[in-house]
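# Descriptive analysis of the structure
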Amino acid sequence: MADLRLVIAGAGGRMGITLVRALAETAGMRLVGALERKGAPAIGKDAGELAGIGALGVKIVDDARPLVAKADAVLDFTSPAATVELAALAAGAKIVHVIGTTGFAAADEAKIETAARHAVIVKSGNMSLGVNLLAALTKRVAKTLGDEYDIEILEMHHNKKVDAPSGTALLLGRAAAEGRGSYLDKRKIAARDGHVGERRSGDIGFASLRGGTVVGDHSVIFAGPAERIELVHRAEDRMIFARGALAAAAWGKGKKPGLYSMADVLGLADF
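Here we summarise the structure given alongside this text. (Residues numbered from 1 in each chain as written. Predicted model: local features only at pLDDT ≥ 70, side-chain atom pairs only at ≥ 80, totals over all residues. Heavy atoms only, no water.)

## Some details on the sheet that holds strand β9 (residues 204-210)
- The strand order across the open sheet formed by five strands is β8-β9-β7-β10-β11, and the pairing between neighbours is mixed. What marks the edges here is a single partner per strand, and that holds for β8 (188-189) and β11 (227-235).
- Direction of pairing for strand β7 (residues 150-157) relative to strand β10 (residues 216-224): antiparallel, over a ladder of seven bridges. Bridged to leucine 154 within β10 is serine 219.
- Sitting on the sheet, helix α6 (residues 129-145) touches β7, β10 and β11, and the angle it makes with β11 is about 165°. (Pairing = 2+ DSSP bridges. Helix = DSSP H or I, 4+ residues; strand = E, 2+ residues; numbered from the N terminus. Contact = heavy atoms within 4.5 Å. Axes fitted to C-alpha atoms, helices over the stretch in contact; angles between N-to-C directions.)

Following this line, the structure appears as structure tokens:
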């Protein structure tokens, strides 16, 4: 069987470099393109050399179209604007688009859904097995405990992260809301400051911490009468996200066009 041909978008960034390293360790996959934004310092460099694993013969470029045309899948941890453009290209080429980007506006989400009519799009706020299992558990616990247990989600990331709450925190919040038969946009409380009054029953609160080099810590807290249940995940290495993204690309090959999640990839959709 031929190797799965992959393009890595954002190849000069933290996750891009981690993806290059993970791909080099994975049998049956081959890097055929590396992409960065126009003017990025990594343009023209060998993706393997930048990742510290030696030359791969794949230069980082800023033109996505010819790369997508020769790929089976594109791995994308970039920015909302770049991801929307790549989704349209993936739809045109009818390939797999694995999206780990977060911070989308509603209009961006709509464009990605449109692209998924022709591309296999696997989109998740977090690609790790542990986090997606945590989301499944969150949904189950929320359904079991009911509204008498208040739900709060606490997350901490490194000081370079630009969006809050994190995509993973929102993933967990959606799971909690779904477990209670509701929608996160109706229950989300993302910030509290000043005299905000008593907590409303059924709300899902978020708190975001930023500092240092933290890869990603997430806690889902169910606070009820005289007891508290906490579900916790701590990411110690970005490699867990990279391996999940590679698994998503392999899973997506040959699937029907559509918008999928890591729960689909891991068989947790009906957990």
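There's more to say after this.
## Thoughts on the sheet that holds strand β5 (residues 96-99)
- The strand order across the open sheet formed by seven strands is β3-β2-β1-β4-β5-β6-β12, and the pairing between neighbours is parallel. Of all strands in the sheet, those with a lone pairing partner are β3 (60-61) and β12 (258-260), marking the two edges.
- Helix α4 (residues 80-93) contacts β1 (4-9), β2 (29-35), β4 (73-76), β5 and β6 (120-123) of the sheet and is inclined by roughly 160° relative to β5.
- Here helix α9 (residues 239-252) sits on the sheet and contacts β1, β2, β4, β5, β6 and β12; the angle it forms with β5, its principal contact strand, is near 155°.

## Some points on the pairing of β2
- Most of β2 sits inside the fold, with six of its seven residues counted as buried.
- In the sheet, β1 pairs with β2 via six bridges, with the strands oriented parallel. Each bridged residue has a counterpart across the sheet, and for arginine 5 the counterpart in β2 is arginine 30.
- Note that the unit made of β1, helix α1 (residues 14-24) and β2 has a crossover that is right-handed. (Buried < 20%, exposed > 50% of the residue type's maximum accessible area, 1.4 Å probe, protein only. Right-handed = clockwise from strand over helix to strand, strands pointing away.)

## A look at the pairing of β10
- Within β10, seven of the nine residues are buried, leaving the element largely enclosed by the surrounding structure.
- With nine bridges connecting them, β10 and β11 associate as antiparallel partners. Along β11, the bridge assignment pairs glycine 224 with glutamate 227.
- Taking the residues that link successive antiparallel strands as the turn, the β10-β11 hairpin has two residues, and the phi of alanine 226 there is positive, at about 70°.

## Let's talk about α1
- Across the 11 residues that make up α1, a large majority, eight, are buried.
- Buried within α1 are the following residues: Met15, Gly16, Ile17, Thr18, Leu19, Val20, Ala22 and Leu23.
- Next to the buried residues of α1 lie β1, β2, α2 (47-50), β4 and α9.

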